[in-house]
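Remarks on the overall topology
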Amino acid sequence: MHSDRDSETTFDEDSQPNDEVMPYSDDETEDELESPLPAVEPEQNRINREAEESREPVKKDCSWQVKANDRNFHEQPQFKKTTFLCFKKSKYAGNAIKTYKYNAITFLPLNLLEQFKRVANFYFLVLLILQTIPQITTLSWYTTLVPLLLVLGITAIKDLVDDIARHRMDNEVNNRTCDVIRDGRFKTAKWKDIQVGDIIRLKKNAFVPADILLLSSSEPNSLCYVETAELDGETNLKFKMSLEVTDRYLQEESAMAEFDGFIECEEPNNRLDKFTGTLFWRSRTYPLDADKILLRGCKIRNTDFCHGVVIFRHLITIFIVLILVSAGLAIGHTYWEQQIGNTSWYLYDGEDYSPPYRGFLNFWGYIIVLNTMVPISLYVSVEVIRLGQSYFINWDLQMYYSEKDTPAKARTTTLNEQLGQIHYIFSDKTGTLTQNIMAFKKCCINGQTYGKHEVIAFTSNSVNFFLIQQVDFSWNIYADGKLAFCDHYLIEQIRCGKETEVRQFFFLLAICHTVMVDASDGQLNYQAASPDEGALVTAARNFGFAFLSRTQNTITISEMGIERTYDVLAILDFNSDRKRMSVIVREPDGNIKLYCKGADTVIYERLHPMNPQRQITQEALDIFANETLRTLCLCYKDISHDEYEAWNKKFMEASVAASNRDEALDNVYEEIEKNLILLGATAIEDKLQDGVPETISKLAKADIKIWVLTGDKKETAENIGFSCELLTDETTICYGEDISALLQTRLENQNNTAGSNINSSQRTNEPFFQSGRNRALIITGSWLNEILLEKKMKKKKLLKLKFPRTAEEKEKQIQSKRRADVNKEQQQRNFVDLACECSAVICCRVTPKQKAMVVELVKKYKKAITLAIGDGANDVNMIKTAHIGVGISGQEGMQAVMSSDYSFGQFRYLQRLLLVHGRWSYIRMCKFLRYFFYKNFAFTLVHFWYSFFNGYSAQTAYEDWFITLYNVLYSSLPVLLVGLLDQDVSDKLSLRFPGLYISGQKDLLFNYKKFFVSLIHGIITSLIIFFIPYGAYLQTMGQDGEAPSDYQSFAVTAASSLIVAVNFQMGLDTSYWTFVNAFSIFGSIALYFGIMFDLHSAGIHVLFPSSFQFTGTAPNALRQPYLWLTILLSVAVCLLPVVALRFLSMTIWPSASDKIQKNRKKYKAEEQWKRRQSTFRRGISSRRSAYAFSHQRGYADLIASGRSIRKKRAPLDAVLRHKVAESRQVGETS
């Protein structure tokens, strides 16, 4: 039967994963995958116009409608949507961004509502209500109200400060200005006032305020160059181009004011690389795509001005203990009432309640009395500590990047301690590990390697100095002065001209490229499709071969000061399959030559068999690769006129092919790119950010796994892995094709052994690799989809016969889908297990969605704390998915920073964020929690022991005001300072010994074991605090003949013993002593006695007799030496066992931090920790860096079509004369 085929879906198994191709877009639909439209690039304006006119407008999902210069159009009823009840609002939202939460009117109600949504605050609000019921409470209402108001007030102030900062940031963006058509003229308007349909004008270096359709610009054919660093972190320029019809008719202000085009397009979405829409104007339709759209956040570059129409605008355990204890005491009170209370006439309170009902009331009474097990001050203390730790990060000058004036910024206060528990770091590459700045470092020309440093040694004052002298390029008027090169011999070879190959080498770099040049203010500014190509052309410029200008068919070069123009016959552009580019030029003497540059893997296949320098260059490439430089081979070929004419005929035919044009051109290129003569190789350094290798090395020693997730090509990502020492020559590298079969075999074994004995199940969960070898995984996005069974599914186009399905067929289909889901989950788990066995993982050619998916898989199957770090909008998904997100701020835009929890200017600051601030925050928070629970168990459980002697009546053991102020004043400051300032070792030792970080990963400092230790410690202390004074007061007489054993004197003695004991205990727990710590401990004790004597004075009792009932208790009780001895004994019994245990622990079982702290003076005197050296073995590595152009095609078609050439261009002679005049003035002055 064919009925089951109707909805059958399968994976596309016809094609293997391609390492060079970026996987499908995150938002591609099945229909798009089934029938992709061939992308035909126009060769000239006529072809472009015909394609636009003949192509049908796209109607699919185009529900967003825009009318130019008509604001009333978007207020029509069909564009309204109901927001609340009968209130409606236009779906075309305002352009103002809004990240703040409150305004002056809504702050108080919304903030209180938000705070009482927290369980803790709501819990204490319920307690406060219970305390107003006289039948329940034995505590005054203010014992809960004062701490609650303090917590709410501090939190509200913190929220207010944060929201004011958000208001300021929003106002800064919303009040930016641009020119908008108003009343037929361009007038200045704020971004927040821009509406859909407005025509705006943007000038050079301005940010795009909204998503706009490009209409025209100052450039030829309305080209517009944009920088998308705010969106994807890439600094190389991309070009956009308007429709030819708008370029032709919408250049004048009056024409744009009359423009009434109607646009239908897709709804706003998160796709950066796709756009579908149609422009209706003058009874014609014109298709729109992503090349005609400028996205919000882009920056206009090298374009004086452009015009566009706006399309889119943007817009637990302790509580259980508390309940159980309260319930037990309530049952005890019920029993006591039945046995004793009913028969004791002097205890009658005038209420005829039954014992069970009295027990029920006492249950709630004990809930109130014992609530200090988890006091409300705990939550405000945690907030204060987190806030303080965040400020310490902000104030850390060692994380301040002075070059960009960028300090570190903690954008959240809730994740500081998790910084000390990171297991996995997921990092972007471009702009995060690297500067995205390429530098020409070395080259091999005709078998000779250039670029070695020349070291000059000299002695001054008996001290030897070594100086690396850089090459002086002042002889070259076109040198930009930025190239740092140290091999003077190469300059000698170029200037003397004896080695023709040397000059030909740099001539090739100056002529074989698709760079655009802009001459302004006497300077040559190059705009390249990739940083690599720009670095090579700039290097040629500095060495005397400067690219000056180009037209559609010519290119002008200054060769050692002599200007020559060459006819460009053809540009054979780069793509990811070819990995090379060539240019065919006719020299002034009529000779035709082909110049080619590309990856050595493809160039060596096309060399002439008789290349004498082949092997020597190969060895140089090996050396360059070992030094993690990006290599590129240069070669040339002489072409006869007959050969060129024959080839050009085929080239012209392929250029106008109606179908498969790209394949036809590639085949024609192959015919001419043969029998090449090798000139040499270049070596470019993709500059790492400062300190990246050291940072990665230290993080690895802290047992933190680093995964690099990038959209770059595999070769580029692999070389950066070696540069930053994530990979070494001893690392065994596994690729996607290697692990695919391994994972498939494991999955089959798991399916075969499902339900069998335990031993076989254990065998299927064995490690994938043998231990003892250092392994790394490098996998591309295509292989990632293949392995994780994430490939897009396509519906089979079969004959769809509508036969009814039987129940059996439906059940079979459900079971099949369930098995597929189980296999997919198991395969993903296996992949995570395999990847986590590797010391490093590099995922290249991955989309933003895949980055987030990888992070989510590790979070799901490893249950580990993850951190993601990036710098562009393409990293936002990854940053938000990880537990902690870090943004690199600076030249790469602010999108990642705005979505991050922490931000700073350089990757190297990550080691200090984690190994210092993260570890300290974790240690401080753990110590704070352990001590806080201890002191509150010791404080609260005294009520529990007292209940056995008061008939379980919920009577408190202390004075009400002592209960109110205990966690607010008497014991709060020392623990707060420990949570803010304590450190087991210094920051330098934390960085020197990264292994100290491991305790946080294993959560050794606060877990259930540590919690129960604190609980037991608190129970023992409460026993001592209660029973020693109780025993001391039992049947005793003071020296004045009075009995001191009344309830109030007992309460004062127990409270005094408790305050001294818990504050001194905090002193024992303090690792880093300062004056502030000492003052807080002794000051808290002094503050307690001072306030107690004031509260027990007769004067305050006269003013408030019902609230202050302990009149004269403290002066009368504490004048008895017997009570002071009782306090001293209680404190000694509490602390001496702790001191003994600490001494034994540090002597017999010292921790790693104890050992380092003991030897800190020795470490301080030693030499600082140095970066480890990687081994260098000549000629062993076979790594190659492919020709690292951008991921899109270059500007070859743009150049060949002539669309990038200005019709009226200022002559370059003026620039040259200006340069010559400057050089002469310098010579005369010298």
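A quick note: this is a predicted structure, and the numbers were derived from the prediction, not measured. (Residues numbered from 1 in each chain as written. Predicted model: local features only at pLDDT ≥ 70, side-chain atom pairs only at ≥ 80, totals over all residues. Heavy atoms only, no water.)

1. Description of the packing of aromatic side chains
What counts is decided by this rule: What counts as a ring pair is set by centres within 6.5 Å for rings of Phe, Tyr and Trp (its six-membered ring), and what kind of pair is set by the plane angle: stacked under 30 degrees, edge-to-face over 60, tilted for all other angles. Secondary structure follows DSSP: runs of H or I at least 4 residues long count as helices, runs of E at least 2 residues long count as strands, and numbering of each begins at the N terminus. Three labels apply to residues, based on accessible area from a 1.4 Å probe with only protein chains included: buried if under 20% of the type maximum, exposed if over 50%, partly exposed otherwise in between.
Summed over the entire model, instances satisfying the criterion amount to 55 aromatic pairs. Relative to Trp707, the ring of Tyr424 has its centre 6.2 Å away and its plane inclined at 85°; by these criteria the two rings are edge-to-face. Of this pair, Tyr424 sits in strand β18 (residues 422-427) while Trp707 is found in strand β32 (residues 705-709), placing the two residues 283 residues apart along the sequence. Like Trp707, Tyr424 is buried. Arranged with centres 5.5 Å apart and planes meeting at 85°, the rings of Phe473 and Phe543 form a pair that is edge-to-face. In this pair, Phe473 is assigned in the loop between β22 (463-468) and α12 (488-496) and Phe543 in the loop between α14 (531-542) and β25 (545-550), connecting sequence segments 70 residues apart. The two residues Phe473 and Phe543 agree in class, both being buried. One aromatic cluster in this structure is built from Phe944, Trp945, Tyr946, Phe948, Phe949, Phe1026, Phe1027, Tyr1030, Tyr1033, Tyr1047 and Phe1050.

2. So, the side chain of Arg775
As a reminder, the rule being used: In this tally, Lys and Arg are treated as positive and Asp and Glu as negative; His is ignored, and so are the chain termini. By definition here, a salt bridge exists when the distance from a side-chain nitrogen of Lys or Arg to a carboxyl oxygen of Asp or Glu is within 4 Å. It only takes one pair of heavy atoms within 4.5 Å for two residues to be counted as in contact.
Examined against the element boundaries, Arg775 turns out to sit in strand β34 (residues 775-780). Buried within the structure, Arg775 lacks any salt-bridge partner; Glu837 is the closest side chain of opposite charge, at an N-O distance of 7.0 Å. Among all residues touching Arg775, those that are not within four sequence positions of it are Thr731, Thr732, Cys734, Phe769, Gln770, Cys838, Ser839 and Ala840.

3. Considerations on the side chain of Ser390
Residue placement: Ser390 occurs in helix α11 (residues 376-395). On the basis of relative accessibility, which here comes to 3%, the residue Ser390 falls in the buried class. Every residue in contact with Ser390, bar those within four places of it in the chain, is listed here: Ala410, Thr412, Thr413 and Asn416.

4. Looking at the sheet that holds strand β12 (residues 277-281)
Counted only if it meets this: Being paired, for any two strands, means DSSP has found at least two bridges between them. Comment: axis = line fitted to C-alpha atoms, over the contacting stretch for helices; angle = value between 0 and 180 degrees taken between N-to-C directions.
Strand order across the open sheet formed by 4 strands is β2-β11-β12-β13, with antiparallel pairing between neighbours. This sheet does not close on itself; its edge strands, each paired only once, are β2 (64-67) and β13 (284-288). With direction set aside, neighbouring strand axes in the sheet form an average angle of 20°. When strand β11 (residues 262-265) meets β12, the two strands line up antiparallel, connected through 4 bridges. Looking across to β12, one finds that Ile263 is bridged to Leu279.

5. Quick notes on the sheet that holds strand β29 (residues 592-598)
Reading across from one edge, β20-β19-β31-β30-β29-β28-β27-β26-β25 is the order of the 9 strands in this open sheet, with antiparallel pairing throughout. Two strands bound the open sheet, and with one partner strand each, they are β20 (448-450) and β25. Each neighbouring strand pair of the sheet contributes to a mean axis angle of 30°, computed without reference to strand direction. Sheet topology note: the strand β19 (residues 434-445)/β20 ladder contains 3 bridges and is antiparallel. Bridge pairing in β20 links Cys444 to Thr449. Docked against the sheet, helix α13 (residues 500-511) engages β19, β20, β25, β26 (554-559), β27 (562-572), β28 (580-586), β29, β30 (630-639) and β31 (677-688), running at close to 60° with respect to β31.

6. A closer look at the pattern of salt bridges
For the structure on display, the rule yields 27 salt bridges. Between Arg386 and Glu417 there is a salt bridge, with its nearest N and O atoms 2.5 Å apart. Taken together, the residues span a long stretch of sequence, with Arg386 in helix α11 and Glu417 in the loop between β17 (409-410) and β18 at a distance of 31 residues. Among the residues examined, Arg386 registers a relative accessible area of 17% and is labelled buried. For Glu417, a relative accessible area of 11% translates into the label buried. Where Glu643 meets Lys637, a salt bridge forms, and the shortest distance between an N and an O atom there is 3.4 Å.

7. Comments concerning the environment of Asp712
The topology assignment puts Asp712 in the loop between β32 and α20 (714-723). Since its relative accessible area comes to 9%, Asp712 is described here as buried. C-alpha separation for the pair Asp712 and Cys844, spaced 132 residues apart in sequence, amounts to 5.7 Å.

8. Regarding the nonpolar core
Cut-off, in case you're wondering: Buried residues of nine kinds, namely Ala, Val, Leu, Ile, Met, Phe, Trp, Tyr and Cys, make up a nonpolar core once their side-chain atoms join them within 4.5 Å.
With 85 residues, the main nonpolar core has Leu378, Phe928, Tyr958, Phe962, Leu1058 and Tyr1088 as its most contacted residues. With 18 residues, the single largest contributor to this core is helix α28 (residues 909-947). Beyond its immediate sequence surroundings of up to four residues, Phe962 is in contact with Phe939, Tyr970, Ala1055, Leu1058, Ile1059 and Tyr1088. Counting 59 residues, the second-largest nonpolar core is a separate cluster that includes Tyr225, Ala510, Tyr526 and Val537.

9. Remarks on the confidence of the model for the chain
Our working definition: Within a predicted model, pLDDT stands for the predictor's per-residue confidence, ranging from 0 to 100.
Mean pLDDT over the chain stands at 79; residues scoring 70 or higher make up 79%. Least confident of the elements in the chain is strand β1 (residues 9-11), whose mean pLDDT is 36; most confident is β18, at 94. This stretch, residues 1-14, has a pLDDT under 50; its non-local contacts, to residues over four places away or in other chains, come to 29 contacts. The low-confidence segment residues 1186-1192 (pLDDT under 50) makes 33 contacts with residues lying over four places distant or belonging to another chain.

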